[in-house]
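As a plain string of letters, each chain reads:
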Amino acid sequence: MERPSWAPEDVDLDRPSIARVYDYYLGGTHNFAADRAFAEAVLTATPEVRTAAIGNRAFLSRAVRYLSERGIRQFIDLGSGIPTAGNVHEVLRETSAGGGKVVYVDLDPVAVAHSRAILDGVPDAAVVAGDLRKPAEVLANPALRGVVDFREPVAIMLLAVLHFVTPEEHPEDIVAGYAAASVPGSYLVISHAGPVTGRALTDDEKKSYEAYRNSPTPVTLRSASEVEALFGDLTIIEPGVVPAARWRPDGPTDRLPEASMLVSAGIGRKD
Amino acid sequence: MRTMPPPTRWDQPPRAAERVARAWALSIAGTSYVSMGGREVQDFLTSLATRLIRALTAEKFEPSDAYEVGGTLVAAHFTQPETLEHTIAVLAEQFAGAPPKRVAEIQGALAAGYAQALRDRVLDEQEEIRTAALWARARAEEARWSSEARFRAVFVGTALGMAISTVDGNLIEVNQAMCDMLGYTEEELLSRHADDFIHPEDSPELREQYAAITAGRREHLRMEKPYFHKDGHAVWTDITISLIRDQADRPRFVVGMVEDITDRYLLQTRLRHQALHDPLTELPNRTLFFERLGDLLQTDAPDSRIGVCYLDVDGFKVINDTLGHDIGDQLLQTVARRLDRSISGPGQLVARMGGDEFVVLIEHSTGTDDVVQVAEKALDTVRAPVHVAGHEISISASIGVVEQSVHGTTPAELMKAADTTLYWAKADGRNRLALFDAARHALEVTKYELSASMPAALERGEFFVEYQPLVRLSDGVTIGVEALVRWRHPRFGVLGPDNFIGMAEETGLIVPLGRFVLREACKQAAEWQRTIPDRAPLMSVNLAVRQVRDRSVVADVAAILTETGLNPAGLQLELTESAVMGNAGRPLEALTELSALGPRIAIDDFGTGYSNFTYLRDLPVSGLKLAGSFIAGLRSPDGPDPVDEQIVAAVIGLAHALKLSVTAEGVETAEQASRLRTLGCDTAQGWYYASSLSADQLTF
């Protein structure tokens with residue numbers, strides 16, 4: 001049942017939040033005891049999760065730079081979490097275009113409040129509270145529409161979030177919903193947890209998987225080919241859906257750690 | 001004196017710094033998350049290394065450079081303890097040739113700067129996240145408070161009754177409007193359970209739907225239902241029930257919003273009553289009666305039976321006309337009241353159909369006796385004298401009773417049957433009941449259908465004429481034919497005149513039909529006069545009473561004779577005695593005029609009517625046709641009936657005395673023929689000679 005608008009999400013700091021746990025993976029301290037305890041449990045079983053998180057963050061930066069070079073000036077970062085460092089607007093600032101418009105969207109009220117604080121005074125950026133699983137609702141948000149012009153191409157960023165969408169919630173429809181609202185020439189960026197090759201989980205990985213399974217935000221792992229399917233009608237650009245670290249890397253990638261095989265990433269273009 | 005330090009490996013700082021930075025980058029790679037590419041990290045560390053080399057090579061140790069390098073690392077998000085660990089180690093390695101004290105001083109200052117910056121950063125970030133959490137929490141609280149406040153305002157201020165209960169049915173909150181609606185205090189209501197509000201008129205479906213809500217299978221429910229007010233009267237409501245779930249989606253509360261629609265409900269009830277009742281007598285009206293009848297015919301088990309008494313007050317029109325409509329109305333009111341009192345009850349509905357017609361519907365009849373009993377009781381009820389405005393009026397009623405299975409009938413058929421049966425009761429003399437007779441009804445229906453379809457049949461040419469030979473008894477020669485009309489009916493096949501001439505006379509269709517037969521016959525006779533002039537038979541055609549009394553008959557005959565060119569001497573018109581005699585007991589003037597046109601006139605069915613020989617003498621009549629009933633007497637198994645034979649002999653004798661020829665009809669046996677010949681009868685017709693035939697089957 002839909003939560004009535006008059007019953008806001010609880011702010012319960014005793015429950016781990018995926019945004020703050022992710023911040024902890026990246027070495028941030030925007031987190032609380034419950035977040036750290038959860039993150040430590042995962043890192044103890046699978047320390048490579050930290051490397052994977054860092055790799056995902058590096059992919060974000062490369063993807064934003066790549067899209068900026070292709071003329072994209074508007075970004076919607078869905079499930080943006082707690083932007084520790086290297087956020088979209090920061091990456092854009094370092095590009096030759098010197099910036100762009102960014103809207104951060106998150107469901108976690110603490111993440112939204114924090115983003116609001118750090119974006120205070122940043123031009124062309126906004127943060128909105130929203131559930132990325134409801135494209136129509138998110139895209140109708142007046143604050144979002146105040147920044148993004150949908151007559152122009154836009155980049156929709158779904159980084160390390162779709163694995164929190166269960167098959168019953170039809171992630172392919174969610175992706176299609178965002179794609180449908182964008183004009184041709186727009187891009188959709190996805191990174192997603194799961195053994196890239198689709199192999200079975202190791203015992204240690206199972207422990208971490210179970211930790212998430214039993215949390216308020218269970219994960220659904222997907223292989224590269226499953227992630228590819230999420231793009232639907234979009235044209236997946238080179239090199240396709242690959243381990244995040246192999247997606248147009250800055251340097252040599254012949255000696256990638258095993259952890260880089262835990263996140264698939266790719267970009268699709270609407271023609 | 002100051003001595004220059006010996007040239008070291010770091011005397012060319014830029015290159016040395018690059019070298020150190022490369023080793024440094026390798027050692028700390030992957031220890032922390034930084035948002036820099038590999039090249040950027042290299043440049044960043046080179047600038048830091050430059051400062052460290054400066055600190056290393058300075059004459060006097062100055063901690064600030066190393067201290068700031070520690071802080072700069074943290075600022076670039078090299079925040080993991082491993083980064084510091086690896087940095088200390090790589091510096092020890094890279095600065096191996098330098099004075100150990102100076103290297104240790106640099107490592108110490110860098111670690112101190114790093115620790116200080118990291119401490120500040122952690123405190124800042126914790127501050128930030130706590131502020132964000134507090135803000136988010138405050139927003140949530142505010143939203144909750146304002147939504148709660150809004151809800152309170154709605155709950156308290158609305159005119160709708162509102163109640164919240166747990167899914168177990170325990171009421172936990174009600175508003176004042178709800179209390180006022182049902183007449184209880186809040187405390188009284190809260191001590192009650194949802195089940196206490198079940199009303200006997202609540203349908204089982206409603207219970208199921210409510211159960212579906214509390215079980216979480218349904219979210220909303222809207223219905224009309226009554227409640228009991230504390231003082232006992234019914235409060236009709238339009239109620240919307242909604243389910244509230246908790247955060248885990250489990251059914252938690254049920255909210256009811258209740259609108260008092262008692263006034264509207266009563267108005268609707270009254271309007272419905274008005275729509276279904278007769279304003280004069282307050283009895284159910286025909287709409288309600290047909291509604292109930294329709295329900296019974298549809299829903300009851302097929303072996304169930306039903307009874308209808310269709311009652312009409314005898315002579316009501318006279319009462320209305322003589323005593324006035326007011327008294328007529330009062331009379332109907334009295335009759336209605338009495339019928340209602342004596343007959344209405346469970347399974348027996350008395351309704352007013354309109355005017356002075358009433359109907360009793362008997363549900364679940366066990367047989368005719370049941371219904372007849374009710375009908376007799378109704379007759380008795382109506383027979384009791386009525387006192388209206390000083391008049392004592394004795395009245396009676398007629399009732400048509402139908403009792404039958406509910407299977408295979410419709411309300412319209414049933415009521416048609418009841419209406420027909422009522423008509424029988426009236427026709428049988430009123431003040432009685434008649435019981436429906438399916439066979440009689442079917443016959444009447446068929447007759448009616450035949451009668452109604454006759455004009456169209458005449459148009460379509462379904463009627464045709466056949467001819468029965470008239471045989472001269474002395475030599476057996478066919479000297480004439482009688483034209484007989486037939487109806488080739490599309491459904492019933494060929495029908496003889498007995499089946500429809502009576503009806504045609506009733507409806508008046510006999511006039512055009514008779515004209516048709518006369519024309520057909522005359523055409524045929526004229527043809528025979530042309531084709532076999534020496535043997536052309538006499539054409540005998542019947543004229544019915546109504547035809548003869550129709551003013552146009554003389555002109556018709558004249559026209560047809562002209563039109564067909566028939567020599568009038570070859571035509572004989574058969575009239576019954578009643579046709580010959582006018583209303584005043586005098587023969588018709590038309591007879592003379594007809595005769596003047598030239599045809600012979602014969603009296604048909606002689607002996608069945610007035611049979612007065614005296615007038616025959618003065619009329620232009622040339623023949624008699626003896627009724628078949630006399631002839632039948634000549635063929636009884638024990639030989640001819642002597643009385644009949646004497647009558648026939650006497651009639652023949654008298655006719656001959658008046659110079660009238662005699663024709664015997666319905667001759668079926670050789671014996672009859674022989675007796676008639678002996679008695680001197682002139683001509684005969686009947687099956688013994690030939691039945692009717694088409695013109696081309698006849699030979700002369």
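Scroll up for the structure.
The model shown is predicted, which means the values in this text are computed figures rather than measured ones.

**Comments concerning the overall build of chain B**
Logical step 1: Secondary structure assignment for chain B yields 25 helices and 21 strands.
Logical step 2: Burial status across chain B gives 32% buried among its 700 residues.
Logical step 3: The long-range share in chain B, meaning contacts at least 24 apart out of those at least 6 apart in sequence, stands at 63%.

**Focus on the nonpolar core**
Logical step 1: Formed by 122 residues in total, the largest nonpolar core has its most connected members in Ile156, Met157, Leu188 and Val189 of chain A.
Logical step 2: Core analysis: the next-biggest nonpolar cluster, separate from the first, contains 63 residues, Tyr467, Leu513, Leu518 and Leu594 of chain B among them.

**Considering the environment of Gln298 of chain B**
Residues and elements named next belong to chain B.
Logical step 1: Within the secondary structure layout, Gln298 lies in helix α10 (residues 286–299).
Logical step 2: Gln298 sits in the exposed class, given 10 other C-beta atoms within 10 Å.
Logical step 3: Placed 112 residues apart in sequence, Gln298 and Thr410 show a C-alpha to C-alpha distance of 9.0 Å.

**What to know about the sheet that holds strand β4 (residues 234–245) of chain B**
Residues and elements named next belong to chain B.
Logical step 1: Strand order in the open sheet formed by five strands is β2-β1-β5-β4-β3, with antiparallel pairing between adjacent strands. A single partner strand is all that each edge strand has here, and the edge strands are β2 (171–174) and β3 (220–228). Neighbouring strand axes in the sheet, compared pairwise and without regard to direction, differ in orientation by 25 degrees on average.
Logical step 2: Each of β3, β4 and β5 (251–260) is contacted by helix α8 (residues 204–214), which is oriented at about 125 degrees to β3, the strand it contacts most.

**Digging into the interface of chain B and chain A**
Logical step 1: Of the residues lining the interface, 29 residues belong to chain B; the matching set on chain A comes to 29 residues.
Logical step 2: Sorting elements by how many residues they give to the side of chain B that touches chain A places helix α5 (residues 100–157) of chain B first, with 17 residues.
Logical step 3: Looking at side-chain class alone, the side of chain B that touches chain A contains nine nonpolar, eleven polar and nine charged residues.

**As for helix α2 (residues 38–57) of chain B**
All names here are of chain B.
Logical step 1: Its 20 residues place the ends of α2 28 Å apart at the C-alpha level, agreeing with the 28 Å of an ideal helix rising 1.5 Å per residue.
Logical step 2: For α2, the complete set of buried residues consists of Leu45, Leu48, Ala49, Leu52, Ile53, Ala55 and Leu56. End-on view of α2: buried residues confined to an arc of 150 degrees, all on one side of the axis. Relative to its buried face, α2 has exposed residues pointing more than 90 degrees away, namely Arg39 and Ser47.

**So, unusual backbone geometry**
Logical step 1: Glu238 of chain A connects to Pro239 of chain A through a cis peptide bond whose omega is 5 degrees.
Logical step 2: With phi around 50 degrees, His170 of chain A is a residue other than glycine that occupies positive phi space.
Logical step 3: Here His170 of chain A lies in the loop between β4 (155–159) and α8 (171–181).
Logical step 4: Backbone geometry at Glu282 of chain B places phi at a positive 70 degrees, although glycine is not the residue there.
Logical step 5: Among the secondary structure elements, Glu282 of chain B is positioned in the loop between α9 (262–276) and α10.

The rules behind each value
- Just so you know, the residues in each chain are numbered from 1, in the order the chain's sequence is written.
- Written order determines the labels here, with chains lettered from A and ligands numbered from 1.
- With the structure being a predicted model, the display of local features is reserved for residues of pLDDT at least 70 and the display and counting of side-chain atom pairs for 80 or more, all residues being used for whole-chain, interface and lining totals.
- Numbering of helices and strands runs from the N terminus, with a helix taken as a DSSP run of H or I at least four residues long and a strand as a DSSP run of E at least two residues long.
- Once C-beta atoms are placed from the backbone, each residue is buried if 20 or more other C-beta atoms lie within 10 Å of its own, exposed if 12 or fewer, and partly exposed for counts between those two.
- Note on contacts: residues are paired as contacts if their backbone-placed C-beta atoms lie within 7 Å.
- As used throughout, a nonpolar core is a set of buried Ala, Val, Leu, Ile, Met, Phe, Trp, Tyr and Cys residues joined through C-beta atoms within 7 Å of each other.
- Strand pairing follows a simple DSSP-based rule, namely that at least 2 bridges must link the two strands.
- Between N-to-C directions, angles cover 0 to 180 degrees, with each direction set by a line fitted to C-alpha atoms, over the stretch in contact for helices.
- Three classes are used, and their members are as follows: Ala, Val, Leu, Ile, Met, Phe, Trp, Tyr, Cys and Pro are nonpolar, Asp, Glu, Lys and Arg are charged, and the others, Gly among them, are polar.
- Every helix has an expected span of 1.5 Å times one less than the residues it contains.
- Note that the arc is computed from the directions linking the helix axis to the C-beta atoms.

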